[in-house]
Amino acid sequence: MRVLSVVGARPNFMKLAPLAHELTRRGTSHVIVHTGQHYDADMSDSFLESLTIPKPDFNLAVGSGSHAQQTAAVMQRFEPVCLETKPDIVLVYGDVNSTVAAALVAAKLGIRVGHVEAGLRSRDWTMPEEINRVVTDRLSDLLFTPSRDAGENLRAEGVPAERVHFVGNIMIDSLVALLPKARKQNGGAHEPYALVTLHRPANVDDPRKLRELLDALAELGHERKIVFPVHPRTRARMEDIGWTNGNGERAGVHLLDPVPYEEMLSLVLGSDLVITDSGGLQEETSFLGVPCLTVRPNTERPITCIEGTNRLVAAERRALVDAVREASRRSAPPTIERWDGFAARRIAAVLCEDARFD
Ligand code: UD1
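Predicted, not measured: the structure shown is a model, and the values here were computed from it. (Residues numbered from 1 in each chain as written. Predicted model: local features only at pLDDT ≥ 70, side-chain atom pairs only at ≥ 80, totals over all residues. Heavy atoms only, no water.)

Undergrad: Explanation requested: the pattern of salt bridges in the structure shown.
TA: Considering all chains together, one arrives at 27 salt bridges under this definition. Its salt-bridge partner being Glu130, residue Arg133 comes within 2.5 Å of it at the nearest N-O pair. Residue Arg133 and its partner Glu130 are located together in helix 5 (residues 128-139), separated by three residues, close to a single helical turn. Grouping residues by exposure puts Arg133 and Glu130 together as buried. Of the charged contacts, one joins Glu283 and Arg301 as a salt bridge, the two residues approaching to 2.7 Å between their closest N and O atoms. (Salt bridge = Lys/Arg side-chain N within 4 Å of Asp/Glu carboxyl O. Helix = DSSP H or I, 4+ residues; strand = E, 2+ residues; numbered from the N terminus. Buried < 20%, exposed > 50% of the residue type's maximum accessible area, 1.4 Å probe, protein only.)

Undergrad: Please explain the sheet that holds strand 7 (residues 164-166) as it appears in this structure.
TA: The pairing of strands in a sheet comes from backbone hydrogen bonds and takes either a parallel or an antiparallel form. Across the sheet, seven strands lie side by side as 3-2-1-4-5-6-7; this open sheet has parallel pairing. Looking at strand neighbours, the two that pair on one side only are strand 3 (58-59) and strand 7, the edges of this open sheet. As defined by bridge partners, strand 1 (residues 2-7) adjoins strand 4 (residues 89-93) across four bridges and the pair is classed as parallel. Bridged to Leu4 within strand 4 is Val90. (Pairing = 2+ DSSP bridges.)

Undergrad: I'm lost on the nonpolar core in this one. Help?
TA: If you look at the biggest cluster of nonpolar residues, it comprises 52 residues, and the most contacted ones within it are Leu19, Leu51 and Phe144. Once you skip the residues sitting within four places of it in the chain, Phe144 turns out to touch Leu91, Gly114, His115, Val116, Glu117, Ala118, His165, Val167, Ile347, Val350 and Leu351. Among the nonpolar cores identified, the runner-up in size contains 29 residues, and Val196, Leu217, Met238 and Leu320 belong to it. (Core = buried A, V, L, I, M, F, W, Y, C linked by side-chain atoms within 4.5 Å. Contact = heavy atoms within 4.5 Å.)

Undergrad: Teacher, can you tell me more about the side chain of Arg133 here?
TA: For Arg133, a relative accessible area of 3% translates into the label buried. Not counting residues within four places of it along the chain, the set of residues in contact with Arg133 comprises Asp95, Leu120, Arg121, Ser122, Met127 and Glu300.

Undergrad: For this particular structure, what's the right way to read the environment of Thr197?
TA: Secondary-structure assignment places Thr197 in strand 8 (residues 193-197). Through-space distance from the C-alpha of Thr197 to that of Leu23 is 32 Å; in sequence the pair is 174 residues apart. With near-sequence residues (within four places) excluded, Thr197 lies in contact with Phe228, Met264, Ile275, Thr276, Asp277, Ser278 and Leu281. Within the structure, the side chain of Thr197 is placed 2.6 Å from the side chain of Thr276, a separation counted as a polar contact. (Polar contact = N/O pair within 3.5 Å; in protein donor to acceptor, adjacent residues only side chain to side chain.)

The following block contains the structure:
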């Protein structure tokens, strides 16, 4: 049995790590391909390091570009790797461009495809990730879902039940593994702060909307400290509109470079509230019981609103400021079914022993 995993962008790495460790523990042959969609040290290497992911066997170095350019570059460079390594199954993770590109290549070569984090749906076709999710699931032979709603989405789309395995949320495996280190880094008492991440094209690519969101943060910065690790896409757009934190009006907003995974976890642990448009943070805050405001009109992770600590908020200055002022305090962390640190074991059992998880 030879498994080949394809990852490329920051949110993929925490989904790969637990499975890479589990396959190593079992002695299963596992080839790791990094597409190079993310390439800055603080978007890629720092994550591989914190998560102790083995050095990828191949780096396709595709870099940035339009969606078509990036997807096409992954396809062109990944096909020869499949021909050379002859995997029994190609595993793809999440919903980034590298995910759909690799799934297309494998499916057309007649190699089985497994999708880790299958079945999530925002039903918002303007999101590039939604297109990636739907197409990847359609191409997959094994669909590993993080929550029951994901399985229901797949059933409604006619995916045969025997392909779908409810294995739980693999990102929580990584979180559980690194929590003790993150708690140590967090180090206890400090000035209260809200943690912010924003990088969705819908929020940051439109200068008017970006300015409105940043002005909301500046207003909130008078009331409480705001800590904001800035994604490179967002950093570039902020520079375009000439927004820096500097001092004066915006002094309460502390801009950081992207931070490594365990430092991010430690920032979440220490925060009173998270404001984000990330997918992963909606889940991490829910697991930890930290209130989360997601600046989006919808989410592919409804369980975080129903069972977790997440609430959607419109990308408008007043709405965001009011929502932060009303935000509920930290609650006891909820228990979400199969968000328990054992998702990777279940996936490996499906791959290696034909186990079933309904
Ligand atoms: C991608 C994913 C998104 C995910 C996000 C997490 C797609 C369609 N989008 O969005 O789902 O939430 O990653 O970070 O796959 N850049 C750098 N250095 C890097 C990487 C990117 O400077 O290491 C800059 C480049 O200017 C690039 C821009 O960020 O053009 C966007 O990168 P890209 O990978 O296209 O999309 P993300 O916004 O990161």
